[in-house]
Amino acid sequence: MDMREKLQIVGLYMSMHETPPINVVGLANRLGIKVYEADWPSTISGKIQKDREKGGHSGFAIFVNKSHSRNRRRFTIAHEVAHFVLHEDLIGDGVFDDALYRSGLPNKIEQQANGLAADILMPYQIVQANLDMSIDALADMFDVSTAAITARLSTVSSAGSFVS
Ligand SMILES: [Zn+2]
């Protein structure tokens, strides 16, 4: 599957599940990725790796820190899904993201993953259609942190969206 096909699957999944919050585990599964919780120190957010045993039909598995809040875990899963969609050729032996979503990959790569994660969790059109809602109400609706929706609102007018 190339990036274009993966982005089509993401776009299709999102158009079929238009009512937020977006089910990120469902999206990962749709892409052939299985998602697991892991017992890690709080300094680690998540990991994506090729896993013969635990991987889905894509061959990949995502692990997310089970001690993190629900919002945080959702963002981590979306971030790791984004690495699969955009950066599969860079995953190698696995990408381990720390608490600030730094993995040793270039910053630009991490920013791309954060950008697509935001597109997935807070779809552009839905945010756009609800700009009159408060930050708290939007965070609630998308099941994300207020920090995530605040960052999203600051980029929503620049239209730098992977999935439209
Ligand atoms: Zn990352």
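Just so we're clear, the structure is a prediction, and the values are computed from it rather than from any experiment. (Residues numbered from 1 in each chain as written. Predicted model: local features only at pLDDT ≥ 70, side-chain atom pairs only at ≥ 80, totals over all residues. Heavy atoms only, no water.)

**Some points on the packing of helix 3 (residues 70–87) against helix 4 (residues 107–121)**
The condition is simple: Every axis corresponds to a line fitted to the C-alpha atoms, with the helix fit spanning only the stretch in contact, and the corresponding angles, defined between N-to-C directions, vary from 0 to 180 degrees. Strands are runs of DSSP state E lasting at least 2 residues, helices are runs of H or I lasting at least 4, and numbering of each runs from the N terminus. Crossing handedness: left-handed means the near helix sits turned counterclockwise from the far one by under a right angle, and right-handed means the same turn made clockwise. Note on definitions: a residue-residue contact is assigned when non-hydrogen atoms from the two residues lie within 4.5 Å. Three residue categories are used. Nonpolar comprises Ala, Val, Leu, Ile, Met, Phe, Trp, Tyr, Cys and Pro, charged comprises Asp, Glu, Lys and Arg, and polar comprises the others, including Gly.
The interhelical angle for the contact between helix 3 and helix 4, taken along N-to-C directions, is 115°, at an axis separation of 8 Å. Helix-helix and strand crossings are classified by hand; for helix 3 and helix 4 the assignment is right-handed. Seen from helix 3, the contacting residues are Arg 74, Phe 75, Ala 78, His 79, Val 81, Ala 82, His 83, Val 85, Leu 86 and His 87; seen from helix 4, they are Ile 109, Glu 110, Gln 112, Ala 113, Asn 114, Leu 116, Ala 117, Ala 118, Ile 120 and Leu 121. Per-class residue counts for the contact of helix 3 with helix 4 are 13 nonpolar, five polar and two charged.

**Considerations on the sheet that holds strand 2 (residues 44–50)**
Applicable threshold: DSSP calls a pair of strands paired once it identifies at least 2 bridges connecting them.
Pairing in this open sheet of four strands is mixed, and the strands run 1-3-2-4 from one edge to the other. At either end of the open sheet lies a strand with only one pairing partner, and these are strand 1 (33–38) and strand 4 (95–98). Across the sheet, the mean angle separating the axes of adjacent strands is 15° when strand polarity is ignored. Relative to strand 3 (residues 60–65), strand 1 is paired through six bridges, and the arrangement is parallel. By the bridge assignment for strand 3, Ala 38 is matched with Asn 65.

**Description of helix 7 (residues 146–155)**
Definition in use: Each residue gets one of three labels from its accessible area relative to the maximum for its type: buried under 20%, exposed over 50%, partly exposed in between, using a 1.4 Å probe on protein chains only. In this description, the arc belongs to the directions extending from the helix axis to the C-beta atoms.
Taken residue by residue, helix 7 has Ala 148, Ile 149 and Arg 152 as its buried positions. Along the long axis of helix 7, the arc covered by the buried residues comes to 90°, so they all point the same way. Summarising the geometry of helix 7, the exposed residues directed more than 90 degrees from the buried face are Ala 147 and Ser 154. Buried residues along helix 7 sit against helix 4, helix 5 (124–129) and helix 6 (135–142).

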